[in-house]
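Structure at a glance
Okay, here's what each chain looks like letter by letter:
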Amino acid sequence: MKKIAVLTSGGDAPGMNAAIRAVVRTALHNGLEVMGVYDGFKGLIKNTMYEMNYRSVSDCLNKGGTILKTARSKEFMTPEGLQKAVDNIKANGIEGLVVLGGDGSFRGASTLCEAGIPTIGVPCTIDNDIACTDYTIGFDTALNTACECIDKLKDTCSSHHRCSVVEVMGRHAGHIALTLSVANGAEAVLVPEKSFDVKEDIVDCINESLKKGKSHFVIIVAEGIGNSEKIAVQIETLTDIETRVAILGHLQRGGSPTVTDRVTASRMGVEAVELLLRGESNRVVAMKDNKIVNYDISEALSMKKSIDEELYNVFEDITY
Ligand code: F6P
């Protein structure tokens, strides 16, 4: 193998730059040429690629976002789009590809493998919703950003004896919401993995807390639940406590990556290139019990990730 390429795809995640840096430097240390592809799979179709060197990844370790930019490409899903991408990969002499992204990006990576391009996936998403891995790059930074915001909301909530309904990201998963419920001492948490009843799971909790002398409340709602505004109205009606909604949104995706994200991204990026050097393809890098491992992409995509029941029990044990 003489030349590889790297791209970032789907939603960006803090730590992607550290992973790009690790891929580029590991490739160069091993005598490979490495190309950066702009705008994910779209860049493969449009042939927006450039040769990277040691300096291309200088000073990016501490930056949020992705220096390679990212996109979601519908064209890549079509046979014509895929063919254009494969033709450009071959025309550039690229013999292996590293795809940084979430499960949608891994489906794209798998398609490229089927088309004969050795491809390795690295899990990057703030949602931590990829089943084969304990951890996805970006999760810790997003948690810390959201945690700081919720601390601030608690200050104003406390001054006004209010209830704050905070909606956090996570797509269809509740890992961000559950972790923050423990980190921020929320009164209630709603995650898509568990059914809920506003009266039983929120109003009763607030009333219990009121009895114990508490006069301000934080309710964390995963975006997969939806209806944060409606839930807030129900809370205010049933408790008579002034309630406000805060949707944290995309600010959870930005910011300088934490040490955990920089180090994990570096470890995973190195492993991705080593897999290509060992002649592997269609693998996704993962973390299990703090060890870097890898899985077949199709097997990884068929796995289901459930909510951390132990953490949910911790939340229940120490709330109000
Ligand atoms: O997958 C990361 C994520 O931030 C989800 O938490 C969220 O549902 C989605 O991406 C938002 O996507 P977009 O940036 O396209 O609005």
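Everything here concerns the structure above.
First, a word on what this report is: a plain description of the structure on this page. (Residues numbered from 1 in each chain as written. Predicted model: local features only at pLDDT ≥ 70, side-chain atom pairs only at ≥ 80, totals over all residues. Heavy atoms only, no water.)

All right, on to the sheet that holds strand β4 (residues 96-101) then. The seven strands lie next to each other as β3-β2-β1-β4-β5-β10-β11, forming an open sheet whose pairing is mixed. Here the strands that pair on one side only, and so sit at the sheet edges, are β3 (49-52) and β11 (291-296). Between one strand axis and the next, the sheet turns through 30 degrees on average, direction left out of account. Here four bridges tie strand β2 (residues 33-37) to β3, and the two strands are oriented antiparallel to one another. Bridged to Val34 within β3 is Met52. This element, helix α9 (residues 259-277), spans β1 (3-8), β4, β5 (119-123), β10 (283-288) and β11 of the sheet and lies at about 140 degrees to β10. (Pairing = 2+ DSSP bridges. Helix = DSSP H or I, 4+ residues; strand = E, 2+ residues; numbered from the N terminus. Axes fitted to C-alpha atoms, helices over the stretch in contact; angles between N-to-C directions. Contact = heavy atoms within 4.5 Å.)

What follows concerns the layout of surface pockets. Here the largest pocket defines a volume of roughly 900 Å³. What lines the largest pocket is a set of 40 residues, and nearest its centre among them are Gly102, Asp103, Gly104, Asp129 and Arg171. Looking at the lining of the largest pocket, the elements with two or more residues in it are α4 (103-114) and α10 (297-302). Taken as a whole, the second largest pocket spans an internal volume of roughly 200 Å³. Around the second largest pocket sit 16 residues that line it, and Asp201, Cys205, Tyr312, Phe315 and Glu316 are the ones nearest its centre. Elements represented by at least two residues in the lining of the second largest pocket include exactly β7 (188-190), α7 (198-211) and α11 (309-318). Class assignment for the residues of the lining of the second largest pocket results in nine nonpolar, two polar and five charged. (1 Å grid on protein atoms, 1.4 Å probe; cavity = no way out; pocket = protein on both sides within 12 Å on 5 of 7 lines; lining within 4 Å. Points joined across faces, edges and corners; volume = space filled by probe spheres on them. Nonpolar A, V, L, I, M, F, W, Y, C, P; charged D, E, K, R; others polar.)

On to the environment of Gly269, then. Within the element layout of this structure, Gly269 appears in helix α9. Placed 171 residues apart in sequence, Gly269 and Val98 show a C-alpha to C-alpha distance of 8.6 Å. In contact with Gly269, not counting residues within four places along its chain, are Ala19, Ala22 and Val23.

Residues in a regular strand point their side chains to alternate faces of the sheet. In terms of burial, β4 is a largely internal element, six of the six residues being buried. Burial along β4 is two-sided: Gly96, Val98 and Leu100 facing one way and Leu97, Val99 and Gly101 facing the other are all buried. Sheet topology places β1 next to β4; five bridges connect them, and they run parallel. In the strand pairing of β4, Ala5 is matched with Leu97. Examined bridge by bridge, β4 and β5 share five bridges and lie parallel to one another. Following the sheet pairing, Leu100 is matched in β5 by Val122. Assessed by its sense of winding, the connection that carries the chain from β4 through α4 to β5 is right-handed. (Buried < 20%, exposed > 50% of the residue type's maximum accessible area, 1.4 Å probe, protein only. Right-handed = clockwise from strand over helix to strand, strands pointing away.)

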